[in-house]
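# Coordinates in review
Read off the chains here:
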Amino acid sequence: MPFTAIACIIFFSMDYDVAIIGGAFSGAATAVVLKRRSPNARILIIEKTTEFDRKVGESTTEVSSCYMTRILGLTHHLGHHHLPKQGLRLWFSQHPEQSVDDCVELGARYGARLSGFQVDRATLDTHLLEEAVKNGCELMRPAKVTSLELHEDGEQVVTLDFQNEQRRIRARWIVDASGRAAMIARKLGHFRPNLEHPINAVWARFTGVKEWDSYEWREKFPEMANACRTSREWATNHLMGYGWWCWIIPLRGGDVSAGIVYDSRIFDLPAGATLAQRLHHHLISHPVGHAIFGRAQAIEGDVHAFSALPYWSEKVCGDGWAAVGDATSFIDPLYSPGLDFCSFTSYYVANLLARSLAGENVSALLDYYNAQYPVTYRRWFESLYQDKYFYMGEADLMSAALLLDVAGYYIGLVRPVYRDPECAFARLPFEGRPGRVAASMMKLYRRRLVTLAKNRAAAGRLGEVNSGWRELYDGFVPDFRLRKQIAQGLRRWWSAEWKNLAMSSRRAHSAPAPCAVIPSEAQRSRGIP
């Protein structure tokens, strides 16, 4: 029989201290930090793609920026290959024909105090993976993992296809950095969808997007242009509505990433022949979106969608394995927390592995990671995101939430990581009694804002406050000056409570007013007035 007719499988056996499945940000960051702690460690990175594709445009936060600049040392790369970020900016409207300068704007008046970036993830991931290899890690790419064998107190085995051969890798530790694939969590039955938060996303990259800070706009809307001392274009701009929000993120080279995230209980995209058309139609239904995207076109073949975005893992590590980044969980892209989770988990796991390779007993570290991570996820979700889409289109309620959410973020996370990054990233957020108290306080105002929005919806008074005012902040800083934003957020909240009392009193004596925001067909089918 000819040799070509014989099914031939060749097994190669290699030994490593750590095998990392996934070479994007979380996997490469774990490798870089671990290699610095354990220079002699034999680290293998297994990446399934030949090259990273263009992911959704992504914003960093103050925490993830601190991790990338102070821990990973990426300041030079970020400054030369990505765009500076000028905070968050939110836009609200009452109706599609509203003038842009009449829409409510929330955002920064001045430039950001702390570093932030609008990153092209393909560029960032490629650079960080190259740094890992430069530091001495071995890379197999493209390589497809076909099976995993996990053993307590022993070697872990990865079988993969690489260079047309099947290879069998033995390692003391396996790090799952496979992203949403969550390879180990699914294999062991720990993967759980977050059914309390039914959000979906559609996004694309666009060309022909109008410039936010153009001379044309300055001539047309002089008061609006002069009110802001920084560039609106470099911010992460958000279009806000009942049950949904859209992001608008500029990318180096001129393309713009734009997408929608929506709660399927109360919203659905408008009809259209393609996803790109449906997304574009929705963007231009908002007055600001119409002004910016009226002549824009989606880049063909660069339109994506995810349903059932949020999920989590009941267990994130064991003897011989640990998960990092999106392989552990995902909540919601609002406020860009994804890279924060990647930062905390990659640093924690790298520290755990370094101590294990040094001969320490890391059972207590494993127990902490398994116990605290679900707590962190749950408290983060309940504090910031649960049912938030019910008040997302109400400018005054989102003003209160934005001020209090960001101030709490600065107090609880930004201050510690900038004061002592190595110490802060070695623990997970919302731990202990302080974390429990902070989460309880945040849940309190979040629940009240949800209730206020539902009362407005029931009275047909959604969007009544979405015109004629602008709220521009001096900027958030991680010190006592946060009291100004906290006081302003509390005033917004309490003012909304008084309006609710007045509205309840009027409802007791009169018929409900017509809804200020016209619900979509999908919303009407869900019983929304």
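Look up: the structure comes first, before these words.
Throughout what follows, the structure given in this document is the object of discussion. (Residues numbered from 1 in each chain as written. Predicted model: local features only at pLDDT ≥ 70, side-chain atom pairs only at ≥ 80, totals over all residues. Heavy atoms only, no water.)

### What to know about the overall build of the protein
Across its full length, the protein carries 16 helices and 22 strands. Viewed in the frame of its principal axes, the protein has a C-alpha envelope of about 85 × 55 × 45 Å. Taking all 529 residues of the protein together, the buried fraction comes to 57%. Taking the intrachain contacts of the protein between residues at least 6 apart in sequence as the baseline, contacts between residues at least 24 apart amount to 78%. Roughly 22300 Å² of accessible area belongs to the protein as shown, and the carbon and sulfur atoms make up 53% of that amount. Within the protein, the 56 negative side-chain charges are centred at a point lying 5 Å from the centre of the 62 positive side-chain charges. (Helix = DSSP H or I, 4+ residues; strand = E, 2+ residues; numbered from the N terminus. Buried < 20%, exposed > 50% of the residue type's maximum accessible area, 1.4 Å probe, protein only. Contact = heavy atoms within 4.5 Å. Areas by Shrake-Rupley, 256 points an atom, 1.4 Å probe, with all protein chains shown as cover. Lys, Arg positive; Asp, Glu negative; His and termini not counted. Charge placed at Lys NZ, Arg CZ, Asp CG, Glu CD.)

### Some remarks on the packing of helix 10 (residues 338–357) against helix 11 (residues 363–384)
One way to put it is that helix 10 packs onto helix 11 with a least axis distance of 12 Å and a crossing angle of 175°. One finds that helix 10 runs roughly antiparallel with respect to helix 11. Residues D340, F341, T345, Y348, V349, L352 and R355 of helix 10 lie in contact with helix 11, whose contacting residues are L365, L366, Y368, Y369, Y373, T376 and W380. For the contact of helix 10 with helix 11, the residue count by class is 10 nonpolar, 2 polar and 2 charged. (Axes fitted to C-alpha atoms, helices over the stretch in contact; angles between N-to-C directions. Parallel < 35°, antiparallel > 145°, perpendicular 65-115°, else oblique. Nonpolar A, V, L, I, M, F, W, Y, C, P; charged D, E, K, R; others polar.)

### With respect to the pattern of salt bridges
By the definition in use, this model includes 31 salt bridges. Across the pair R205 and D302 runs a salt bridge, and its minimum N-O distance is 3.3 Å. Within this pair, whereas R205 is found in strand 13 (residues 199–207), its partner D302 is found in strand 17 (residues 297–306), the two being separated by 97 residues in sequence. Since its relative accessible area comes to 1%, R205 is described here as buried. A salt bridge links R456 to E394; the shortest N-O distance between them is 2.8 Å. One end of the pair, R456, is in helix 14 (residues 432–458); the other, E394, is in the loop between helix 11 and helix 12 (395–419), with 62 residues separating them in the sequence. One connected set of salt bridges, linked through shared partners, spans R89, E105, R232 and R470. (Salt bridge = Lys/Arg side-chain N within 4 Å of Asp/Glu carboxyl O.)

### Observations concerning the nonpolar core
Note that soluble globular proteins tend to have their nonpolar side chains buried in a common cluster. Membership of the largest hydrophobic core comes to 126 residues, with the highest contact counts inside it found for F25, Y67, L72, F425 and L449. Among the elements that line this core, the one with the most residues is helix 12, at 16 residues. Excluding anything up to four places from it in sequence, Y67 contacts F25, A29, V33, L72, S343, S346, Y347 and F425. With 27 residues, the next largest nonpolar core counts F206, W212, W244 and L283 among its residues. (Core = buried A, V, L, I, M, F, W, Y, C linked by side-chain atoms within 4.5 Å.)

### Side note on the pairing of strand 11 (residues 165–176)
Looking at chain direction, strand 10 (residues 156–162) and strand 11 are connected through 7 bridges and run antiparallel. Pairing of F162 across the sheet is with E165, part of strand 11. Here strand 10 folds back onto strand 11, and the loop between the two strands holds 2 residues, one of which, Q163, carries a positive phi near 55°. Here strand 11 runs beside strand 20 (residues 321–323); their pairing, made up of 3 bridges, is parallel. Looking across to strand 20, one finds that V175 is bridged to A322. (Pairing = 2+ DSSP bridges.)

### Let's talk about the sheet that holds strand 14 (residues 236–241)
Strand order in this open sheet of 8 strands is 17-13-16-15-14-5-6-22, and the pairing throughout is mixed. Looking at which strands have only one partner, the edges of the open sheet turn out to be strand 17 and strand 22 (470–473). Neighbour-to-neighbour, the strand axes of this sheet turn through a mean angle of 15°, independent of strand direction. When strand 5 (residues 88–92) meets strand 6 (residues 104–108), the two strands line up antiparallel, connected through 4 bridges. The partner of R89 across the bridge, within strand 6, is G107. Helix 8 (residues 275–283) rests against strand 13, strand 14, strand 15 (244–250), strand 16 (256–263) and strand 17 of the sheet, and its axis sits at about 90° to strand 13.

### So, the sheet that holds strand 4 (residues 83–84)
The pairing of strands in a sheet happens through backbone hydrogen bonds and is either parallel or antiparallel. Spatially, the 3 strands line up as an open sheet ordered 3-7-4, and their pairing is antiparallel. The sheet is open, and its two borders are formed by strand 3 (58–59) and strand 4, each paired with just one other strand.

### Examining the packing of helix 2 (residues 62–71) against helix 12
Relative to each other, helix 2 and helix 12 sit at 5°, their axes nearing to 9 Å. Looking at the two axes, helix 2 sits roughly parallel to helix 12. Contact residues: E62, V63, S65, C66 and R70 in helix 2; Y409, Y410, L413, V414, V417 and Y418 in helix 12. Here the residues of the contact of helix 2 with helix 12 are counted per class, giving 8 nonpolar, 1 polar and 2 charged.

### Side note on the packing of aromatic side chains
The description of two aromatic rings rests on the distance between their centres and on the angle between their planes. Scanning the model with the defined rule gives 26 aromatic pairs in all. Ring centres 5.9 Å apart and planes at 70° place the aromatic pair Y262 and F267 in the edge-to-face group. F267 shares its class with Y262; the two are buried. Ring geometry for W380 and F430: centres 6.1 Å apart, planes at 65°, overall edge-to-face. With W380 in helix 11 and F430 in the loop between helix 13 (421–424) and helix 14, this residue pair connects regions lying 50 residues apart in the sequence. The burial state of W380 is the same as that of F430; both residues are buried. (Phe/Tyr/Trp six-rings, centres within 6.5 Å; stacked < 30°, edge-to-face > 60°.)

### Section: the side chain of T60
Structurally, T60 is set in the loop between strand 3 and helix 2. Reaching out from T60, the side chain makes a polar contact with the side chain of S65 at a distance of 2.6 Å. At 2.8 Å, the side chain of T60 forms a polar contact with the backbone nitrogen of F117. Residues contacting T60, with those up to four places away along its chain left out, are S65, M68, K85, G116, F117, V119 and L339. (Polar contact = N/O pair within 3.5 Å; in protein donor to acceptor, adjacent residues only side chain to side chain.)

Remember that the coordinates give geometry; whether it matters functionally is a separate question.
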